[in-house]
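Letter by letter, the chains look like this.
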Amino acid sequence: MSYGTADSLRPVTLDDVRGAQKMLSGVARTTAMEGSRYLSRLIGAPVHLKCENLQRTGSFKLRGAYVRISGLLPEERAAGVVAASAGNHAQGVALASSLLGVRSTVFMPRGAPLPKISATRGYGAEVRLHGQVVDETLAAAQEYAARTGAVFIHPFDHPDVIAGQGTVGLEILEQCPEVRTIVVGIGGGGLAAGIAVAVKALRPDVRIVGVQAAGAAAYPPSLAAGYPVAVSAPATMADGIKVGRPGDVPFGIVADLVDEVRTVSEDELSTALLLCLERAKLVVEPAGASPVAALLSDPGAFEGPVVAVLSGGNVDPVLMQRVLLHGMAAQGRYLTVSVRLTDRPGALATLLGVLTVVDANVLDVSHVRTDPRLGLTEAEVELHLETKGPEHCTEVGRALHEAGYTVVG
């Protein structure tokens, strides 16, 4: 059943999802559902986190990949499979193929996180790096499939994949039968579509909200147009949902069954990732944190109980460091100020004394003495401070002003 046949366009039903759930028994974990007191207080209703970041391979992608590969005919398995992914689908296909004894080749973007590349190879796949975004990588993988006869395993645009991802929806209803709203990140749309098929068939009253990164939001214009529309040069730290065009199969389902698609900013994503780490003690990648970002950005818009799907936890440590710093800055926990003062002995010590009184921790100090904007006896000092939030930042600025300093940035 290779991609591109009529089989790839068949409807996805609740029976398909239930069949996928049986197939995945003993393969995919039934991941935990964790309550969040912080988000519950913010929303004013219970909020639960569906922890697919704790799934085997670190994301939900194993579910769809295993179901898709399991459905191949013997001669198709013998030809091997090929996939394209920024990392999570790559690992899902690699592990699923290994479990089923099928040879796999995975194309990944050149900028894919090194831990994801290493993990994909570790699960037994041959990895080839091609392109800068997933859409370019997809084209390379499809060309490889046409040239070699390998079966292309699409990350989201096939009914078997969608049925596999839909098992997350069945688990949500089993674990939180009182749920009123499910919030889920959307890239190509496979996970949201699968959850929608399962949940709407059993609980049509449950509201399903999709979330996209604002810099890679292809669904809002596509839904407005009534057909999949590509966005040029998608840009977001959330590589798991960095997809330039919705899949044809999931788009139809999302258009029919998903109640709303929202977008979140990079600041909101980084703040959400930091919250998951600090408050829930969960390592979540930016794409996986997108539902939490949506809750934080507009808490009054969600009827509870709410389930937020943390779709993945495969985050590059280098990106994690940058995102955490960005998230802390967005929360007002870092402050950079430039102060102009008289260049004389003891002037810096006096300035630092002011900051000590307001309990601002100085991380770094740099001097500028040669700027033509400065007077002969002036210097400009740039200070990088660790602060306790927006109110503390205001307090620091007020203390500097009251001490007679000119803050220039």
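You'll find the structure just up there.
Residues numbered from 1 in each chain as written. Predicted model: local features only at pLDDT ≥ 70, side-chain atom pairs only at ≥ 80, totals over all residues. Heavy atoms only, no water.

**Student:** Could you clarify how one ought to interpret the overall build of the chain in this entry?
**Tutor:** Per the secondary structure count, the chain includes 16 helices and 14 strands. In terms of its C-alpha atoms, the chain occupies a principal-axis envelope of roughly 80 × 45 × 40 Å. The buried share of the chain, taken over its 409 residues, is 56%. For the chain, contacts bridging at least 24 residues in sequence account for 73% of all contacts bridging at least 6. Of the accessible surface of the chain, which amounts to about 16600 Å², a share of 52% is contributed by carbon and sulfur atoms. Positive and negative charge centroids in the chain, built from 35 and 41 side chains respectively, lie 4 Å apart. (Helix = DSSP H or I, 4+ residues; strand = E, 2+ residues; numbered from the N terminus. Buried < 20%, exposed > 50% of the residue type's maximum accessible area, 1.4 Å probe, protein only. Contact = heavy atoms within 4.5 Å. Areas by Shrake-Rupley, 256 points an atom, 1.4 Å probe, with all protein chains shown as cover. Lys, Arg positive; Asp, Glu negative; His and termini not counted. Charge placed at Lys NZ, Arg CZ, Asp CG, Glu CD.)

**Student:** What am I meant to see in the packing of helix 1 (residues 14–23) against helix 8 (residues 159–175) here?
**Tutor:** Two measures define how a pair of helices packs: the angle their axes make with one another and the distance between the axes. Running from N to C, helix 1 and helix 8 cross one another at 85°; their axes reach a closest spacing of 8 Å. Compared by their axis directions, helix 1 and helix 8 come out roughly perpendicular. Of helix 8, the residues touching helix 1 (which contributes L14, D16, V17, R18, A20 and Q21) are A163, G164, G166, T167, L170, E171 and E174. In the contact of helix 1 with helix 8, the residues fall into five nonpolar, four polar and four charged. (Axes fitted to C-alpha atoms, helices over the stretch in contact; angles between N-to-C directions. Parallel < 35°, antiparallel > 145°, perpendicular 65-115°, else oblique. Nonpolar A, V, L, I, M, F, W, Y, C, P; charged D, E, K, R; others polar.)

**Student:** Explain a positive patch on the surface here, please?
**Tutor:** A contiguous patch of positive charge on the surface is contributed by R37, R41, R279 and K281. Tracing the backbone through its elements, the reader meets R279 in helix 12 (residues 266–279). (Patch = residues over 30% accessible without salt bridge, like charges linked within 9 Å, V, L, I, M, F, W, Y side chains within 5 Å. Salt bridge = Lys/Arg side-chain N within 4 Å of Asp/Glu carboxyl O.)

**Student:** Explain the sheet that holds strand 3 (residues 81–84) to me, please; I cannot follow it from the model alone.
**Tutor:** By definition, the strands of a sheet pair up through backbone hydrogen bonds, in either a parallel or an antiparallel sense. If you trace the four strands from one edge of the open sheet to the other, you get 5-4-3-6, paired in parallel fashion. Looking at strand neighbours, the two that pair on one side only are strand 5 (126–129) and strand 6 (151–152), the edges of this open sheet. Here strand 4 (residues 104–108) runs beside strand 5; their pairing, made up of four bridges, is parallel. Its bridge partner lying in strand 5, F107 is registered against R128. Helix 7 (residues 134–148) rests against strand 3, strand 4, strand 5 and strand 6 of the sheet, and its axis sits at about 165° to strand 3. (Pairing = 2+ DSSP bridges.)

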